[in-house]
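# Commentary on secondary and tertiary structure
Residue-level listing of the chains:
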Amino acid sequence: MTTVEQNTNFQIRPRFKIESDTLTREIVYEKIKEALNSPDAPCEGRLRLGYVDLFPKKEDKHYWSPHLSMTIEEEHDEDHDLTIIRGLYGPHPAVWTMFVFFYTIIAFLTIVCIVIGFANMSIGNSTTILWAVPFLILAFGSLYLVSFYGQKKGHDQIENLHLFLEKTLNTKL
């Protein structure tokens, strides 16, 4: 029996979880390896036992192309063995790192402006630095919207990766 857990809300980095008592880690690895080696495979991948990374073919890649990272774990208990596949869709790790960097810089600058502004206010000096806070919040929101744009731009490729995985594992995600 295979159970699938997926969050259907719109997310920046959608994820899923598959629990199966019919698939083992080795079987999942071999099925994906075999599907990737077929000439009509819509994607490329890197495989290590327990970990799988899938991404669009080089000729189809663009800046917003998605990346599917999966971990494959086995749990053993007295009653049965269970294989758990956890998947996470997201941008290429370098793009994700860039976004986290920009979020961090904007958050840091916002906090610095607020601290300096209120410190100046408490001693009676000018608080004009607080005017930067709405612009920094706007920059933060803009960056957030850009991430949604990127996900929309890579949506078709996410669907291709998703369908490839469903077909390979013979399961509905």
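See the structure shown above.
Structure report, in brief. (Residues numbered from 1 in each chain as written. Predicted model: local features only at pLDDT ≥ 70, side-chain atom pairs only at ≥ 80, totals over all residues. Heavy atoms only, no water.)

### Some details on the nonpolar core
Grouped together as the largest cluster of nonpolar side chains are 20 residues, with contacts concentrated most on Phe 16, Ile 32, Leu 54, Leu 68, Met 70 and Ile 85. Examining the composition of this core, we find that 5 residues originate from one element, helix H4 (residues 155-169), more than from any other. (Core = buried A, V, L, I, M, F, W, Y, C linked by side-chain atoms within 4.5 Å. Buried < 20%, exposed > 50% of the residue type's maximum accessible area, 1.4 Å probe, protein only. Helix = DSSP H or I, 4+ residues; strand = E, 2+ residues; numbered from the N terminus.)

### As for a negative patch on the surface
Negative charge collects at one region of the surface, where Glu 75, Asp 77, Glu 78, Asp 79 and Asp 81 lie side by side. As for its position among the elements, Glu 78 is in the loop between strand S5 (66-76) and strand S6 (81-91). In this structure Glu 78 comes out as exposed when scored by relative accessible area, which is 83%. (Patch = residues over 30% accessible without salt bridge, like charges linked within 9 Å, V, L, I, M, F, W, Y side chains within 5 Å. Areas by Shrake-Rupley, 256 points an atom, 1.4 Å probe, with all protein chains shown as cover. Salt bridge = Lys/Arg side-chain N within 4 Å of Asp/Glu carboxyl O. Lys, Arg positive; Asp, Glu negative; His and termini not counted. Charge placed at Lys NZ, Arg CZ, Asp CG, Glu CD.)

### Looking at the pairing of strand S3 (residues 43-48)
Examined bridge by bridge, S3 and strand S4 (residues 51-56) share 6 bridges and lie antiparallel to one another. Its bridge partner lying in S4, Arg 46 is registered against Asp 53. Between the end of S3 and the start of S4, which pair antiparallel, lie 2 residues, with Gly 50 showing a positive phi angle near 100°. (Pairing = 2+ DSSP bridges.)

### A look at the packing of aromatic side chains
Going through the model one piece at a time under the given rule, you end up with 8 aromatic pairs. Where Phe 16 meets Tyr 89, the ring centres are 5.8 Å apart and the plane angle is 50°; that geometry is what we call tilted. In this pair, Phe 16 sits in strand S2 (residues 15-20) while Tyr 89 sits in strand S6, placing the two residues 73 residues apart along the sequence. With respect to burial, Phe 16 and Tyr 89 carry one shared label: buried. Ring geometry for Trp 64 against Phe 99: centres 5.9 Å apart, planes inclined by 55°, an arrangement best described as tilted. One end of the pair, Trp 64, is in the loop between S4 and S5; the other, Phe 99, is in helix H2 (residues 93-122), and 35 residues separate them in sequence. Each member of the pair, Trp 64 together with Phe 99, is buried. (Phe/Tyr/Trp six-rings, centres within 6.5 Å; stacked < 30°, edge-to-face > 60°.)

### Considerations on the packing of helix H1 (residues 25-37) against H4
At a minimum axis distance of 9 Å, the contact between H1 and H4 shows a crossing angle of 120°. Between H1 and H4, the interaxial angle falls into the category oblique. The two elements H1 and H4 meet at a crossing, and its hand is right-handed. Contact with H1, carried on its side by Val 28, Lys 31, Ile 32, Ala 35 and Leu 36, involves Phe 164, Leu 165, Thr 168 and Leu 169 of H4 and no other residues of that element. A per-class count over the contact of H1 with H4 returns 7 nonpolar, 1 polar and 1 charged. (Axes fitted to C-alpha atoms, helices over the stretch in contact; angles between N-to-C directions. Parallel < 35°, antiparallel > 145°, perpendicular 65-115°, else oblique. Left-handed = near helix turned anticlockwise from the far one by under 90°. Contact = heavy atoms within 4.5 Å. Nonpolar A, V, L, I, M, F, W, Y, C, P; charged D, E, K, R; others polar.)

### What to know about the environment of Arg 13
Here Arg 13 is to be found in the loop between strand S1 (2-6) and S2. Taking the C-alpha atoms as reference points, Arg 13 and Lys 33, 20 residues apart in sequence, are found 24 Å from one another. If we ignore the near neighbours within four places in the chain, the residues touching Arg 13 are Leu 88, Tyr 89, Gly 90 and Trp 96.

### Looking at H4
Three- or four-residue spacings in an α-helix give side chains the same orientation, since the helix completes a turn every 3.6 residues. Look at H4: 21 Å from first C-alpha to last across 15 residues, which is about the 21 Å you get at 1.5 Å a residue. Taken together, the buried positions of H4 are occupied by Gln 157, Ile 158, Leu 161, His 162, Phe 164, Leu 165, Glu 166, Thr 168 and Leu 169. Asn 170, located one to two residues past H4, shows a positive phi value of around 55°. (Expected span 1.5 Å × (residues − 1).)

### Here we look at the packing of H2 against helix H3 (residues 132-153)
Where H2 meets H3, the axes come as close as 9 Å, and the angle between the chain directions of the two elements is 165°. Relative to H3, the element H2 is oriented roughly antiparallel. The chirality of how H2 crosses H3 is left-handed. For the pair H2 and H3, contact is made by Phe 99, Phe 102, Tyr 103, Ile 106, Leu 109, Thr 110, Cys 113 and Ile 114 and by Ala 132, Val 133, Leu 136, Ala 139, Phe 140, Leu 143, Tyr 144, Val 146 and Ser 147, respectively.

### Quick notes on the pattern of salt bridges
Following the criterion strictly, the structure yields 4 salt bridges and no others. Between Asp 53 and Arg 48 there is a salt bridge, with its nearest N and O atoms 3.7 Å apart. Residue classification places Asp 53 among the buried positions, given a relative accessible area of 10%. Overlapping salt bridges, with partners in common, bring together Arg 46, Arg 48 and Asp 53 in one network.

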